[in-house]
Amino acid sequence: MRVWDVAAGAAARPAVDGHEGDVTALARVGDGRRVVTASRDKTLRVWDVVEGGAPLKLVGHEDEVNAVECYGEGDARRAVSGGDDKTLLVWDLVKGGAPLLKLEGHTGWVRAIACHGEGDDWCIVSGSRDGTVRLWDGAAGAVYPLGSAVESVALAPRAGEVDVFAAVGKSFARLALRVGPSQLEERIKEEQARREEK
């Protein structure tokens, strides 16, 4: 990682090594102090861009990581990553450690992730090379086939709905989704309790 002083046109401090493979995506954490990077080395790193130092390493994917998005505030800061292993992993950015939750269902590489909601009521939208957009809300979720690989997604919230825009082939698709109560945080708590029993 390198932090640049744009006015001076030079590095603000010495570079810090982290990933062993190319960085494929990054996302800013809501506190503005940290950035999460995804890499071909199958890991994520959480960087403190204010203080510097060694990054927190997150390990759990079985293949390259292509996408990352951050969500939450205070003690509920989360990162969601997706990759060539066709899964999405939900991470605790405060405590680190193993993934909080593994979401499976895509049959192709996960290329794009976006998060929406407030507090514990949030959902994840993912796009994949399998030609689908998926809404993950902790319940069964929903699958929207678009017929061609999805390379990126963007969200535009409206009253009671969220528009999902997906880059598909030489064009894009727009989906208007009704957003209901989410059960993601409940699933995370259930998974943590199950792990503690072992």
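The rules behind each value
Residues numbered from 1 in each chain as written. Predicted model: local features only at pLDDT ≥ 70, side-chain atom pairs only at ≥ 80, totals over all residues. Heavy atoms only, no water. Pairing = 2+ DSSP bridges. Helix = DSSP H or I, 4+ residues; strand = E, 2+ residues; numbered from the N terminus. Axes fitted to C-alpha atoms, helices over the stretch in contact; angles between N-to-C directions. Contact = heavy atoms within 4.5 Å. Patch = residues over 30% accessible without salt bridge, like charges linked within 9 Å, V, L, I, M, F, W, Y side chains within 5 Å. Areas by Shrake-Rupley, 256 points an atom, 1.4 Å probe, with all protein chains shown as cover. Salt bridge = Lys/Arg side-chain N within 4 Å of Asp/Glu carboxyl O. Lys, Arg positive; Asp, Glu negative; His and termini not counted. Charge placed at Lys NZ, Arg CZ, Asp CG, Glu CD. Buried < 20%, exposed > 50% of the residue type's maximum accessible area, 1.4 Å probe, protein only. Disulfide = S-S within 2.5 Å.

Trainee: Run through the sheet that holds strand β9 (residues 87-92), naming residues and quoting values.
Mentor: By definition, the strands of a sheet pair up through backbone hydrogen bonds, in either a parallel or an antiparallel sense. With respect to topology, four strands assemble into an open sheet ordered β7-β8-β9-β10, the strand pairing being antiparallel. Each edge of the open sheet carries a strand with a single partner, namely β7 (65-71) and β10 (101-104). Taken over all neighbouring pairs, the strand axes of this sheet differ in orientation by 20° on average, direction set aside. Across five bridges, strand β8 (residues 78-83) lies against β9 in antiparallel orientation. What sits directly across from V80, in β9, is V90. Taken strand by strand, helix α1 (residues 184-197) contacts β8, β9 and β10, and its axis lies near 115° from that of β10.

Trainee: Give a detailed account of the sheet that holds strand β16 (residues 161-168), specifying residues and quantitative values.
Mentor: Read from one edge to the other, the open sheet built from three strands follows the order β15-β16-β17, with strand pairing classed as antiparallel. Of all strands in the sheet, those with a lone pairing partner are β15 (150-158) and β17 (171-178), marking the two edges. The mean inter-strand angle of the sheet, taken between neighbouring strand axes irrespective of direction, is 20°.

Trainee: Tell me about a negative patch on the surface, and please be specific about residues and values.
Mentor: Negative charge collects at one region of the surface, where E73, E118, D120 and D121 lie side by side. For D120, the location among the structural elements is in the loop between β11 (110-118) and β12 (121-128). Residue D120 is classed as partly exposed on the basis of its relative accessible area of 45%.

Trainee: Which residues make up the pattern of salt bridges, and what values do they have?
Mentor: Within this structure, the stated rule accounts for 15 salt bridges. Of the charged contacts in the structure, one is a salt bridge between E151 and R129, with a shortest N-O distance of 2.7 Å. Pair noted here: E151 is in strand β15 and R129 is in the loop between β12 and β13 (132-136), with a separation of 22 residues, a long-range link. Relative accessible area serves as the criterion here: at 33%, E151 is assigned to the partly exposed category. With a shortest N-O distance of 2.5 Å, E161 and R158 are connected by a salt bridge. What makes R158 partly exposed here is its relative accessible area of 41%. A network of salt bridges, in which partner residues are shared, links R158, E161, D163 and R174.

Trainee: Go over unusual backbone geometry, please, and point to the residues and values.
Mentor: Note: most peptide bonds trans; most residues except glycine with negative phi. For K42, which is not glycine, the phi dihedral falls at a positive 75°. Looking at the element boundaries, K42 is found in the loop between β4 (34-39) and β5 (43-48). The phi torsion at K86 lies on the positive side, around 70°, for a residue other than glycine.

Trainee: Describe the side chain of E191, listing the residues and the values that go with them.
Mentor: If you trace the backbone, E191 turns up in helix α1. Those residues within four positions of E191 in sequence are excluded, and the remaining contacts are L100 and L101.

Trainee: How would you explain the state of the cysteines if you had to name every residue and give the values?
Mentor: Within this structure, the stated rule accounts for zero disulfides. Free cysteine: C70, not disulfide-bonded; nearest cysteine sulfur from C115 at 8.1 Å. For C123, which is in no disulfide, the shortest distance to another cysteine sulfur is to C115 and amounts to 7.9 Å.

Trainee: Account for the environment of G52, naming residues and giving values.
Mentor: Of note, G52 is situated in the loop between β5 and β6 (56-59). Considered as a pair, G52 and L89 are 37 residues apart in the sequence and their alpha carbons are 25 Å apart.

Keep in mind that these numbers describe shape and distance, not what the molecule does.
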